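# Coordinate inspection notes
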Amino acid sequence: MVEKLKASKDICVTAFERIFIIWYLHPASPIQFYVFERSKEPLQDMAFMRLGSKSEAFHREGQTWQCTSGLQSDVTVEIGDMAFHLHKFPLMSRSGLLEKRIGELSSGDGSVCVLQLHDIPGGAKSFELIAKFCYGVKMELTALNVVGLRCAAEYLEMDEHFGEGNLIAQTEGFLNEVFSNWADTIKALKTCEEVLPFAEEHHIVSRCINSLAMKTFSDTNLLNWPVSGSINTPSPRNTILWNGISTKTKTQNAGDDWWYEDVSSLSLPLYKRLILAVELGGMKPEKIAGSLIFYTKRHLPLMNKDTNHANPGSTISVPPEADQRTLLEEIVELLPIQKGVTNTQFLLRLLHAAMILHASPSCRESLEKRVGAQLDQASLEDVLIPNMGYSVETLYDIDCFQRILDHFMLMDQAAAASSPCIVEEGQSMEGDQHSLMSITMVANLVDVYLADVAPDVNLKFSKFQLLAAAVPDYARPLADGMYRAIDIYLKAHPWLTDSEREQICRLMNCQKLSLEASTHAAQNERLPLRVIVQVLFFEQLRLRTSISGWFFVSDNLESSQNPNGNLALTSQDRAVGIDDVRERLSDLEKECQMMRREIQKLVKTKRSWNIFCRRKSPHCNTTLPIPSSLKPPAK
């Protein structure tokens, strides 16, 4: 190496400089050595490699670095606002780029050569460590600086042509050690953002991501990886001293979500690439969705109203609205498409946040479809999405819920059309029962939703009617919920016409009202007369059906006890049976009389009931008698 420098025409080598070079570069002198060590603290566990053997030889004053070897500096390297006053030969002996630049700029007059390396990866921070490496000064490679040094070494052409164990080989060997550890790989990947174009060019980012993706499938308890998110910091009381060596008690086992918190500290572009790599590797959609939910709640403040996922005492600045909108749209694209994988409550809160942040229409449509696919899992509190803006009419976004409901009904109809008609081993029957249960749950949700939004005076009749009619009648075993919503709407909108009242009441199946709801409806003055008559008719029909069923059961019971037609029952048993029948008939007569009295009360309060009071109406020339079905049976 000395002979090579002496042969240079553009460099004047003095005797003292030769001695200086030999002292640094003589093969007999230990230029550098390295060892791998690892900290004992689980949360601060980070491998490092020691290089060099000489003591510190640099001194910083403001924005200037000086070499304290005693030799006058003959080269100045400028990087940004920092200036390094160094010597040519230690730099030229390790870097091909510096050898070329110094050779081009050096002159025979002994003037100081000035180099500008403003575009070096890692900037002045990385070049400071490179200068120490060239001078053989003690330094450490860690997961936090190895990426910048690896890129800077490639930029400066510090390969094996300029000495064995040069910086490219040293950093590349240490990167392999970093990739064997989860926490170190996370730290190295974060530092890639500082030198991203160079790290991409040398495939460092992809290697970090692939290493992390492979480790997400592994068991941390078996491999003993330090995981910052799932292992708590040990307290001093858990420390045990054995022969002066500090050890730690066994920590709790990590679950399947041990990697969620660690990867949530990555930036969105790097996190997105990691999730895609994990998905490509065959990760279960449930785990991917769990990680996305954790990441969203950590970086999107609108999703964090009830739960604070930040560490206690930490202050997280609120990102700009544009960044939040970009994050939300990217998360929606990454969510698994499988039904039921992502929690419905999370999807609805994400939809609410998308409205606040004015996300793209395609993003909101995608969320509405995802919610619609699993609307049977939603609750009333989740679907009550407030309207945004100042020109809105209703308090809640009725149109949004209508679109979600339409998506559910389309998917339910498609599933029903694709299901086989022939039942094989009960499989199709179970599928039909599940579908019926789902649509029944949605019908109940629609009923309570209508009851909650009905008091809004700005809720138009057409919207209420369209939303209530979206669910078919067979999905409602009972009509009590629909009756309650209709009653609240009629009370909040007293200006509705008689025609509109009748139209809205057609949404309710009077035959499916419970006894309590029928009793309330029979006395409800807000309902049209036609509806009240239907309620009374079906209630009396139900009573007669109950009586017929009771007699049928009684006859069958008597026949089963006396199959030969003989008089097996005693006179006492017959007397008891007859008394029971008479008592039941008496109760039914009383109920019919009560219903008749209620009808008479309604006649007095509503003079327009010409059906019962036999008064002629100006619009009708005839009067209708009381239907025989409403008359009590003769005693």
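Quick notes on the rules
Residues numbered from 1 in each chain as written. Predicted model: local features only at pLDDT ≥ 70, side-chain atom pairs only at ≥ 80, totals over all residues. Heavy atoms only, no water. Helix = DSSP H or I, 4+ residues; strand = E, 2+ residues; numbered from the N terminus. Buried < 20%, exposed > 50% of the residue type's maximum accessible area, 1.4 Å probe, protein only. Contact = heavy atoms within 4.5 Å. Arc of directions from axis to C-beta. Axes fitted to C-alpha atoms, helices over the stretch in contact; angles between N-to-C directions. Left-handed = near helix turned anticlockwise from the far one by under 90°. Nonpolar A, V, L, I, M, F, W, Y, C, P; charged D, E, K, R; others polar. Salt bridge = Lys/Arg side-chain N within 4 Å of Asp/Glu carboxyl O. Expected span 1.5 Å × (residues − 1). Polar contact = N/O pair within 3.5 Å; in protein donor to acceptor, adjacent residues only side chain to side chain. Phe/Tyr/Trp six-rings, centres within 6.5 Å; stacked < 30°, edge-to-face > 60°. pLDDT = per-residue confidence, 0-100. Pairing = 2+ DSSP bridges. Core = buried A, V, L, I, M, F, W, Y, C linked by side-chain atoms within 4.5 Å. Domains from an automatic or database assignment. Lys, Arg positive; Asp, Glu negative; His and termini not counted.

### What about the overall build of the protein?
Broken down by element type, the protein carries 27 helices and ten strands. Across the 635 residues that make up the protein, the buried fraction comes to 41%. Of the contacts formed within the protein by residues at least 6 apart in sequence, a portion of 68% connects residues at least 24 apart.

### What to know about helix H23 (residues 498-505)
Along H23, the positions that sit buried rather than exposed are Arg 501, Ile 504 and Cys 505. Across the axial projection of H23, the buried residues extend over an arc of 100°, all falling on one side.

### Side note on the packing of helix H15 (residues 321-334) against helix H16 (residues 344-356)
One way to put it is that H15 packs onto H16 with a least axis distance of 10 Å and a crossing angle of 140°. In this structure, H15 crosses over H16, and the sense of that crossing is left-handed. Across from Glu 321, Leu 328 and Val 332 in H15, the residues of H16 making contact are Leu 350, Ala 353, Ala 354 and Ile 356. Of the residues contributing to the contact of H15 with H16, the split by class is six nonpolar, no polar and one charged.

### With respect to the pattern of salt bridges
Enumeration over the complete set of coordinates arrives at 14 salt bridges. A salt bridge links Arg 207 to Glu 172; its shortest N-O distance comes to 2.8 Å. Residue Arg 207 is located in helix H10 (residues 204-215), and its partner Glu 172 is located in helix H7 (residues 167-179); the two are separated by 35 residues in the primary sequence. A salt bridge links Glu 200 to Arg 273; its shortest N-O distance comes to 2.4 Å. One end of the pair, Glu 200, is in helix H9 (residues 196-201); the other, Arg 273, is in helix H13 (residues 268-280), and 73 residues separate them in sequence. Sharing partners across several salt bridges, the network here consists of Arg 150, Glu 154, Glu 172 and Arg 207.

### Overview of helix H14 (residues 285-299)
With 15 residues, H14 extends 21 Å from end C-alpha to end C-alpha; this agrees with the ideal 21 Å at 1.5 Å per step. Listing the buried residues of H14 in full gives Ile 288, Ala 289, Ser 291, Leu 292, Ile 293, Tyr 295 and Thr 296.

### A few points about the environment of Lys 512
Within the secondary structure layout, Lys 512 lies in the loop between H23 and helix H24 (515-522). Polar contacts involving the side chain of Lys 512 include one to the main-chain carbonyl oxygen of Arg 476, which spans 2.9 Å.

### Thoughts on the side chain of Ser 264
Looking at the secondary structure, you find Ser 264 in the loop between helix H12 (260-263) and H13. In terms of polar contacts, Ser 264 uses its side chain to reach the backbone carbonyl oxygen of Glu 261, at 2.6 Å. Among all residues touching Ser 264, those that are not within four sequence positions of it are Phe 294, Tyr 295, Arg 298 and His 299.

### Points about the environment of Leu 410
Along the chain, Leu 410 turns up in helix H19 (residues 398-418). For Leu 410, a relative accessible area of 55% corresponds to the exposed category. C-alpha separation for the pair Leu 410 and Gly 372, spaced 38 residues apart in sequence, amounts to 9.2 Å.

### As for the packing of aromatic side chains
Enumeration over the complete set of coordinates arrives at eight aromatic pairs. Between Phe 84 and Phe 127, the ring centres sit 5.1 Å apart and the planes meet at 70°, which makes this aromatic pair edge-to-face. Taken together, the residues Phe 84 in strand E6 (residues 82-86) and Phe 127 in helix H5 (residues 123-135) connect sequence positions 43 residues apart. Residue Phe 84 is classed as buried on the basis of its relative accessible area, which comes to 2%. Judged by relative accessible area, Phe 127 falls into the buried class, the value being 0%. Each residue in the set Trp 65, Phe 84 and Phe 127 is aromatic and connected to the rest through ring pairs, giving one cluster.

### A word on unusual backbone geometry
Positive phi, close to 60°, is recorded for Glu 157, a residue that is not glycine. Positive phi is not limited to glycine here, since His 203 has a value of about 60°. Take His 203: it is sitting in the loop between H9 and H10.

### Describing the confidence of the model for the protein
Scored by pLDDT, the protein comes out at a mean of 77, with 69% of its residues at no less than 70. Counting contacts from residues 1-44, a segment whose pLDDT is below 50, to residues more than four positions away or on other chains yields 83 contacts. Here residues 229-252 scores under 50 on pLDDT; set against residues more than four positions off or in separate chains, the count is 25 contacts.

### Quick look at the pairing of strand E4 (residues 64-67)
The two faces of E4 differ: Trp 65 and Cys 67 on one face are buried, but Thr 64 and Gln 66 on the other face are not. Strand direction decides the pairing type here: strand E3 (residues 58-61) and E4, joined by four bridges, are antiparallel. Bridge assignment links Phe 58 to a residue of E4, and that residue is Cys 67. Bridge count between E4 and E6: three bridges; the pairing is parallel. Following the sheet pairing, Thr 64 is matched in E6 by Ala 83.

### Concerning the nonpolar core
Judged by nonpolar contacts, the single largest core of 149 residues is most densely connected at Leu 156, Leu 328 and Leu 375. Looking at this core, the element that brings in the most residues is helix H20 (residues 427-453), giving nine residues. The residue makeup of this core includes at least three contributed by each of domain 1 (49-179) and domain 2 (203-220 + 259-304 + 322-363). If sequence neighbours within four positions are ignored, Leu 156 has contacts with Ser 95, Gly 96, Leu 97, Leu 98, Leu 117, Ile 120, Phe 127 and Ile 130.

### Brief notes about the sheet that holds E4
Taken in spatial order, the five strands make up an open sheet running E3-E4-E6-E5-E7, and their pairing is mixed. Lying at the two open borders of the sheet, with one neighbouring strand each, are E3 and strand E7 (113-116). Taken over all neighbouring pairs, the strand axes of this sheet differ in orientation by 20° on average, direction set aside. With respect to the sheet, helix H4 (residues 96-105) is in contact with strand E5 (75-79) and E7, its orientation differing from that of E7 by roughly 135°.

### What to know about the pairing of E6
Along E6, four of the five residues are buried, which leaves the element largely enclosed by surrounding structure. Here E5 pairs with E6 via five bridges, running antiparallel. Opposite Glu 78, over in E6, you have Ala 83 as the bridge partner. Counting the residues that bridge the hairpin from E5 to E6 gives two residues, and of these Gly 80 lies at a positive phi of roughly 65°.

### A word on the packing of helix H8 (residues 182-191) against H10
With their axes 10 Å apart at the nearest point, H8 and H10 run at an angle of 145° to one another. The two elements H8 and H10 meet at a crossing, and its hand is left-handed. Residues Trp 182, Thr 185, Ile 186, Ala 188 and Leu 189 of H8 lie in contact with H10, whose contacting residues are Val 205, Cys 208, Ile 209, Ser 211, Leu 212 and Lys 215. Of the residues in the contact of H8 with H10, the class split is eight nonpolar, two polar and one charged.

### A look at the side chain of Asp 262
Along the chain, Asp 262 turns up in helix H12. It turns out Asp 262 is buried and unbridged, and the closest side chain with the opposite charge, Lys 190, is 7.2 Å from it. At 3.1 Å, the side chain of Asp 262 and the side chain of Trp 182 are in polar contact.

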